[in-house]
2 protein chains.
Amino acid sequence: MTKKWVYLFSEGNKDMRNLLGGKGAGLAEMTNAGLPVPPGFTCTTEACLAYFAAGNQFPEGMWEQVKAAMALIEKETGKRFGDPSNPLLVSVRSGARASMPGMMDTVLNVGLNPETLAGLARITGNERFAYDAYRRLISMFGRIVKGIDGKKFDEVLEAWKAKTVGRRDTDLTTEMLQEIVKEYKAIYKQELGEEFPDDVWKQLSEAIEAVFKSWFGERAVTYRRLNKIPDDWGTAVNICTMVFGNMGDDSGTGVAFTRDPNTGEKVLYGEYLTNAQGEDVVAGIRTPMKIAELQRVNPAIYEQFVRLAEMLERHYRDMQDIEFTVERGRLWLLQTRNGKRTARAAVKIAVDMVNEGLITKAEAVARVEPEQVDALLHPMFDPAAKEKAMREGTFIAKGLNASPGAATGIAVFDAKRAEERAKAGAAVILVRPETSPEDVGGMLLSKGVLTQHGGATSHAAVVARGNNLPCVVGCESIEVDTEHRRFTIGPIVVNEGDTISIDGTTGEVFKGALPMLEVDWNKEVDLRTLLSWADEFRTLGVYTNADYPRDARRAREFGAEGIGLCRTEHMFFEEERRPSVVGMIMAKTDEERAKYLEELLPFQREDFEGIFEAMDGLPVIIRLIDPPMHEFLPKRETLIEEVTTLRCTGADPQLLAEKERMLALVESLAEVNPMMGLRGCRVGLMMPGVTEMQVRAIFQAACRQAKKGIDVHVEVMIPLVTHVNELRLEKEKLARVAEEVIAEEGIRVDYKFGTMIETPRGALTAGELAEYAEFFSFGTNDLTQMTFGFSRDDAEGKFLLKYVEQKILPANPFQTLDQDGVGKLMRMAVEAGKATRPDIELGICGEHGGDPASIDFCHRIGLKYVSCSPYRVPVARLAAAQAALRSPARLEDK
Amino acid sequence: MTKKWVYLFSEGNKDMRNLLGGKGAGLAEMTNAGLPVPPGFTCTTEACLAYFAAGNQFPEGMWEQVKAAMALIEKETGKRFGDPSNPLLVSVRSGARASMPGMMDTVLNVGLNPETLAGLARITGNERFAYDAYRRLISMFGRIVKGIDGKKFDEVLEAWKAKTVGRRDTDLTTEMLQEIVKEYKAIYKQELGEEFPDDVWKQLSEAIEAVFKSWFGERAVTYRRLNKIPDDWGTAVNICTMVFGNMGDDSGTGVAFTRDPNTGEKVLYGEYLTNAQGEDVVAGIRTPMKIAELQRVNPAIYEQFVRLAEMLERHYRDMQDIEFTVERGRLWLLQTRNGKRTARAAVKIAVDMVNEGLITKAEAVARVEPEQVDALLHPMFDPAAKEKAMREGTFIAKGLNASPGAATGIAVFDAKRAEERAKAGAAVILVRPETSPEDVGGMLLSKGVLTQHGGATSHAAVVARGNNLPCVVGCESIEVDTEHRRFTIGPIVVNEGDTISIDGTTGEVFKGALPMLEVDWNKEVDLRTLLSWADEFRTLGVYTNADYPRDARRAREFGAEGIGLCRTEHMFFEEERRPSVVGMIMAKTDEERAKYLEELLPFQREDFEGIFEAMDGLPVIIRLIDPPMHEFLPKRETLIEEVTTLRCTGADPQLLAEKERMLALVESLAEVNPMMGLRGCRVGLMMPGVTEMQVRAIFQAACRQAKKGIDVHVEVMIPLVTHVNELRLEKEKLARVAEEVIAEEGIRVDYKFGTMIETPRGALTAGELAEYAEFFSFGTNDLTQMTFGFSRDDAEGKFLLKYVEQKILPANPFQTLDQDGVGKLMRMAVEAGKATRPDIELGICGEHGGDPASIDFCHRIGLKYVSCSPYRVPVARLAAAQAALRSPARLEDK
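All figures in this text were calculated on a predicted structure; none of them were measured in a lab.

A.B. asks: How would you sum up the overall build of chain A? Please name residues and give values.
C.D. replies: Scanning chain A from terminus to terminus reveals 35 helices and 33 strands. Each of the three principal axes of chain A carries a C-alpha extent, and together these read 105 × 65 × 55 Å. The buried share of chain A, reckoned over its 894 residues, is 60%. Only carbon and sulfur atoms are counted for the fraction: they give 49% of the accessible area of chain A, which is about 34,500 Å². Between the averaged position of the 111 positive side-chain charges in chain A and that of its 134 negative side-chain charges there is a distance of 3 Å.

Below you can see the structure in the form of structure tokens.
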């Protein structure tokens, strides 16, 4: 017995989506729900795959099943395919498992030839309609099935329309359509060297094949790559009796959403076009009416449609996007699917439907995409204004979207001046070839940052993300000329003081100001409701990465339950502290260094006091100093240039000597691969006093705040541990300092010591590390770099994006955790860590902590929390809830 | 019942080394063999550990056991401890499990006080001897047990010796010794505020304690750290009846080896000192006679000793180092142990003993240290000349020993001039702040390379090792001044043209020429014999890393069974090829690049032809291009300096333009962490044509040589693979090229495609990689870098050596494979690789392939071969045999 390749609509249902495609399953479901759907059937996705597997041949038995299904439709409709006396016409449409709007092709009116055309004209009494249908068939078939350039048909149609008074397609006369048909057929013959087929079965089989083949059409492949849809899903083909909206003014076609897809409001939303086929609405041939107007034009149909729409929404328990046609006053539903919606609408609809009793809270939580929450949280440019900019050519460049959000301001080309202008009240966008620690002051006062070079972990990107500053980096198409204070893109010149707008969410750069839509968390009532439901389901904690009290407060507002990563080195970058920092680095003896550390201590203490206050009652995980020391000094290349110039001109011997001294220091600290050099806990071990000072500052702050009644929970995190001895020595040393301070201050605070797991060896020997670490925090940024051997700064610009584009990698591993490699190390570390210390606290503080797919993985391997930037906290809350809903039993509990 | 803490010599044997220490076990063994050993006993190493565990208290029952043992000795000797009528004197010596010569302390003549002194004088009829023994006891006890500065005693002795005619200790009269005893006792009282103890039991117990405590003495701890001996072994204490070599001219003491420890010749080798105690030989107080002279001086004793020495060698089946004393014409053996020997002697003795039927081949192979083989293979400075240089102050600096061997030549400060001078016939040592690819030409013509900066993987080190060029890097105490063509170390100046000598095996730098001992492999008959035996035992193959035919030939001579790593990028560094290489890198289009690749093809082909010829019949694994492209270009810092200077002076606009263009290119290729940037297979994927050209050249060479009758086995290795798709794409592309060339050339050659496993992710996903790789080669240099997160270039100079020094790491993981971390990844990869492809060929080509401990690990995890530099091949052959002997059953077979 051959396989069942063909299902009548009446044989399927909505759960057969994988086999019948979304559209096919929907038509089947509607058919069985008794809704007015034209009779038809579906060739399965398996048939599609079998077609390719057989070398572009229908699988055995399929064509016979198609014919048998056609016979049943003929019986049901009383029409016959290819029968001039009462011809059956069908549409042939694709329908994949996932909705891929506009990506797949459709052929209408299959079954027309000169004989059936005559019959159709006779039966409908509308010759014009019949010819209109025929010319549509020829052009669609020619274009889609045979690959003829559609423009050739369009030119003919346009030429004829130009001859009419109204210049619209409805103004074409029967005679004109007859001429058009002739010309279309001539084009067909000229292009293909054969006549347009009169054999209706040949039309049908070739149309089905064309839909199959379009699965590997360029547009479809591109869409799948962008949306991570596998190639081996295949598409189904739906063959459906034609109904005609273009049979006169009592006919028409429409598309409608059961709720407003932009706002989520509960109103019918859509359009209706009289005397037209579906394609006409999409193509924008005439301006359709709003769906509400239909009530006036045809109240009966409108009422019927409203009733059906409500029924569909209740049936599918989601907002529906419905295609329908009215043929001579009779309403037919051609398709229904869950409607696409904006982020705002998604949230509102989910919350409303719970309130209406239509869905459960769990369903509401599962239904909103975490990324939609993200979109709601950043100020963004008005989409309409953006579109206008695109049209008007003020969209001038695109770089990497390094830190989300939109910003408008005047371009300024150095950090010092940016600071001045900002203090003078200007909104500033700092534009640099790239940034360095010296620029941080200026960056923090700017509204946004744009750099020509650098990747997603370049200095600019990291500082911007940490400070929620919109930022576009690696915008290589602009040429920044700091000397003349301007940048150019080909002929376009942007001078200092000119206004520009940057969109850190998309990487786009605009000339001039764009109007902005701002966010007010307190007004986001629906979102807050949804997230409070999410909190009921999730088991994963959501912490935040925050270095400053203001970030900590913001994150707490967003629902953060602790700080998972407080970086302490940013505190060293601030201007007033630089002399002490440089002194500390240059110190020749431990005593000399101690003096500078003494100066830094009060600054660090203050930083921590603010953070403990902001996080009263919640854990704060503080990472000790991490970057290599040369990051705190001027850049080597700049110094070489300065020294060479000063030597050459002989202008300022004193300045030269000073610069030479600094250059010598910088060169002595220079590293070939700083990412894997003297940084992390290695600094603590090799430069005595630094981490002791930090721990002293942390515990002084903790004890003093505790005395004020603040509930402090300190967790000190030792970075970049790769061998247990590093951890043991640092921990022992620092725990002594902690106890000393506690004794000095006379008040005990709750504390833990733990480590980052961010080198492969750290993960591989986690069992040993857990002997000393009370907690692990996976630093998946560095762990990914070292596991792959990808320096992120270099890789993203030089090959990583191309790797993703060319499918060498399934995704950018710095955005979505690589579960096969990095994830394997994490699992090993989790298991070994728990084996040694069953109550070990496990979390993640890499950027993956804000990525939904990675959060799902973290849930499955049994972490306690994820930590992410403040603006990702709401996203993570939702993603964590969805992870819990997807896998109610954690892996570890299996 | 308390534990047994004390063993009589007659109760032990040589297998009780861990409990009794080496010396105690030896004394026991000799006692039981009926050799003339003075009666005595041993306090065990367990007693030592128990002593520390109890907070520096003898463990329960030990002191009673000591007393009981003393009673037995008294019975045996007929003397009594502390009995003036016939006093027993004993020595108290340390004896740890491993031989730690000179590290632990000894007290002789315990049991003397004024009364027993008188008795001893009376019984021996030698008052002078008795006082000499007493003054020795007081000074040794004072110094070792009580910590008095030894100089104080020495000054007294020297002062008295100065008063004699001969000025030797034997010239001291009895009266003088009596005075000395008085003065010693005064020092003792002054330093400690108490009298020297007359209680002989107190002397004994304190002496035993002192030996225990010396286990944690500074010298012992340092020695253990350097020799990787654990602290928890403890030391045993040997209490032995005193015999006296200083009882007159019929007495004496000696040390002798049963074979010459320098050459290995089978002759008795050692020294004898008349009328002296053992310490006197070591201290060099008088010049002893050669042992052979004893035959003349005392033929009876000599004959007896020769007989005993032979017996001991046969008993222990190894060359012995024997301490003996003659007391009034009676020979006593005080100690025997396996003798230390030079590398040359070790090999000769092992081979000779097999030939003598004394040991088996397996024992011979197990007995020679692999590092001793290494020492035989490099030209080295005459050790005597080196010692002289140390004394005379021409030893001027010490850097990192980057590539072994000795070299002498004139210092030259740039590569171009080095090339000129070398071509003019001079022996040149190239001295640079550091080297870059531009210097390679000059390096290859130099005799040796010395750099001020850089670590063991700096450019200089890597190139030198690959070319067997003696090299010292990171010699930070010298200040290289290329402008004035000189280097300085404080006041010492070495100008261009001055002769210097460098020792790449030790890192030492000398002013002037040092005489050299050269190696001739053909003359190393014993070594070759030993290695041929090693080959009978080992199951691990030994391949070599060789880039040039001459290296391949050399390695083959040394016994290499294939090339495990032929790097192809070195071929790009040669001067004549540079324009094509730069052109290839700068190419804007694939077509333009193809032109330059076309130019490079014949060069590459020639390189490979030579290598295939040299390795006729053996496998050759060729790694495709690996380093980042900017390594082939001038250095960024140099260019910035040049461009800035040219801009400033305005001298040569054309040169400026050229330099600016080059700088722009270099900057566009610059990477923050080049080790993890665009290199390895990423270059092949991102820069189409490069690896295709290489594979074309490889297969053209292979086919053409095959036509000439050479037996070619090509294995193409794709580097730095981190995701299976990289391997899949490169392999598919390149296998096509291989088949194309085979078709073009009309002859088939045997070939494989495989990959390096050198990123953690590569190892973690090895099961997937094995679907496409026919072989894996572990690139443990990079794998160690990424697993630890240690950039070797940075780490070795900045913290790694300190980490080892401070015991944060047990060893430098770039020298000895880290089995817990990197090794864990390797095991996982081996298992997963074999699961996918059971016949997968597994090897290692990192530098660990030449390290004995790492070779042992490779054997245990079931690799097929190790690959190392040509000069390490003999070392690896021996180490592989020892690994097989240690674990006859591989882990995988368990």
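A.B. asks: Explain the side chain of Ser91(B) residue by residue, including any values.
C.D. replies: Residues and elements named next belong to chain B. Considering the arrangement of structural elements, one finds Ser 91 in strand β5 (residues 90-96). Of the residues examined, Ser 91 reaches a relative accessible area of 4% and is grouped as buried. Setting aside its immediate chain neighbours within four residues, Ser 91 contacts Val 107, Leu 108, Asn 238, Ile 239, Cys 240 and Met 242.

A.B. asks: Give a description of the sheet that holds strand β32 (residues 841-844) of chain A that names residues and reports values.
C.D. replies: Residues and elements named next belong to chain A. With parallel pairing, eight strands are arranged side by side around a closed barrel as β26-β27-β28-β29-β30-β31-β32-β33. Put simply, the sheet's adjacent strands are angled 25° from each other on average, direction ignored. Pairing between strand β28 (residues 619-623) and strand β29 (residues 713-718): five bridges, direction parallel. The partner of Pro 619 across the bridge, within β29, is His 713. Docked against the sheet, helix α35 (residues 873-886) engages β26 (541-545) and β33 (865-868), running at close to 155° with respect to β26.

A.B. asks: Summarise the nonpolar core; cite the residues concerned and give the values.
C.D. replies: With 305 residues, the main nonpolar core has Phe699(A), Val714(A), Phe699(B) and Val714(B) as its most contacted residues. Setting aside residues no more than four positions away along its own chain, Val714(B) makes contact with Phe612(B), Val620(B), Ile622(B), Ile698(B), Phe699(B), Ala702(B), Val749(B), Asp750(B), Tyr751(B) and Lys752(B).

A.B. asks: For helix α17 (residues 415-423) of chain B, give the residues involved together with the corresponding values.
C.D. replies: Residue and element names in this part refer to chain B. Buried residues of α17: Ala 415, Ala 418 and Ala 422, and no others. With its buried residues spanning 50° around the axis, α17 presents them on a single face. Facing away from the buried side of α17 by more than 90 degrees, the exposed set consists of Lys 416, Glu 420 and Lys 423. Those residues of α17 that are buried lie in contact with β16 (406-412), β17 (428-432) and α18 (440-445). By the N-cap criterion, in which a side-chain oxygen at the helix start approaches the backbone nitrogen of a residue two or three places on, α17 is capped by Asp 414, the distance to Lys 416 being 3.1 Å. Just downstream of α17, Gly 425 is the residue with a positive phi angle, here 105°.

A.B. asks: Lay out the side chain of Thr544(B) in plain terms, naming residues and giving numbers.
C.D. replies: Considering the arrangement of structural elements, one finds Thr544(B) in strand β26 (residues 541-545). Ignoring sequence-local partners within four residues, the contact set of Thr544(B) consists of Ala555(B), Ala560(B), Gly562(B), Ile563(B), Gly564(B), Leu565(B), Ser867(B), Cys868(B), Ser869(B), Pro870(B) and Val873(B).

A.B. asks: Describe the packing of aromatic side chains, and please don't skip the residues or the numbers.
C.D. replies: In this structure the tally under the stated criterion is 58 aromatic pairs over all chains. Between Phe257(A) and Tyr269(A), the ring centres sit 6.2 Å apart and the planes meet at 65°, which makes this aromatic pair edge-to-face. Of the two residues, Phe257(A) sits in strand β8 (residues 252-257) while Tyr269(A) sits in strand β9 (residues 269-274), which places them 12 residues apart along the sequence. Tyr269(A) sits in the partly exposed class, given a relative accessible area of 33%. Aromatic pair Phe790(B) and Tyr803(B): ring centres 6.3 Å apart, planes at 80°, arrangement edge-to-face. Here Phe790(B), found in the loop between α31 (780-788) and α32 (792-805), pairs with Tyr803(B), found in helix α32; they are 13 residues apart in sequence, far enough to count as distant. Each member of the pair Phe790(B) and Tyr803(B) is classed as buried. Above the face of the Trp201(A) ring, Lys67(A) is positioned so that its terminal group lies 5.9 Å from the ring centre.

A.B. asks: Account for the interface of chain A and chain B, with residues named and values stated.
C.D. replies: Residue-level contacts link 58 residues of chain A with 58 residues of chain B. Buried area between chain A and chain B, summed over both chains or domains, comes out near 5,000 Å², and the portion from carbon and sulfur atoms is 62%. Looking at the side of chain A facing chain B, the largest losses of area belong to Met676(A), Met686(A) and Lys798(A), adding up to 13% of the total buried there. Our count for the chain A to chain B interface comes out at four salt bridges. Asp818(A) is the partner of Arg761(B) in a salt bridge, and the nearest nitrogen-oxygen pair spans 2.7 Å. Viewed at the interface, chain B and chain A are joined by 32 residue pairs in polar contact (both at pLDDT 80 or more). At the level of secondary structure, the elements contributing two or more residues to the side of chain A that touches chain B comprise α24 (636-649), α25 (653-669), α26 (681-686), α28 (724-745), α29 (760-764), α31 (780-788), α32 (792-805) and α33 (822-836) of chain A. A total of eight residues in the side of chain A that touches chain B trace back to one element, the largest contributor, which is α24(A). By residue class, the composition of the side of chain A that touches chain B is 25 nonpolar, 17 polar and 16 charged.

A.B. asks: If you had to explain the relation of the copies chain A and chain B to someone new, which residues and values would you point to?
C.D. replies: Take chain A, turn it by 180°, move it 0.0 Å along the axis, and it overlays chain B with an RMSD of 0.3 Å. Both chain copies can therefore be described as sitting about a two-fold axis. Distance from the rotation axis, computed per C-alpha, reaches its smallest value in chain A at Asn673(A): 2.1 Å. Interface overlap between copies is the fraction of interface residues in one copy that are interface residues in the other; for chain A against chain B it reaches 100%, indicating a shared surface.

Conventions we followed
- Residues numbered from 1 in each chain as written.
- Chains lettered and ligands numbered in written order.
- Predicted model: local features only at pLDDT ≥ 70, side-chain atom pairs only at ≥ 80, totals over all residues.
- Heavy atoms only, no water.
- Helix = DSSP H or I, 4+ residues; strand = E, 2+ residues; numbered from the N terminus.
- Buried < 20%, exposed > 50% of the residue type's maximum accessible area, 1.4 Å probe, protein only.
- Areas by Shrake-Rupley, 256 points an atom, 1.4 Å probe, with all protein chains shown as cover.
- Lys, Arg positive; Asp, Glu negative; His and termini not counted.
- Charge placed at Lys NZ, Arg CZ, Asp CG, Glu CD.
- Contact = heavy atoms within 4.5 Å.
- Pairing = 2+ DSSP bridges.
- Axes fitted to C-alpha atoms, helices over the stretch in contact; angles between N-to-C directions.
- Core = buried A, V, L, I, M, F, W, Y, C linked by side-chain atoms within 4.5 Å.
- Arc of directions from axis to C-beta.
- Polar contact = N/O pair within 3.5 Å; in protein donor to acceptor, adjacent residues only side chain to side chain.
- Phe/Tyr/Trp six-rings, centres within 6.5 Å; stacked < 30°, edge-to-face > 60°.
- Lys NZ or Arg CZ within 6 Å of the ring centre and 35° of its normal.
- Buried area = accessible area lost by both parts, 1.4 Å probe.
- Salt bridge = Lys/Arg side-chain N within 4 Å of Asp/Glu carboxyl O.
- Nonpolar A, V, L, I, M, F, W, Y, C, P; charged D, E, K, R; others polar.
- Least-squares fit on C-alpha atoms with pLDDT ≥ 70 in both.

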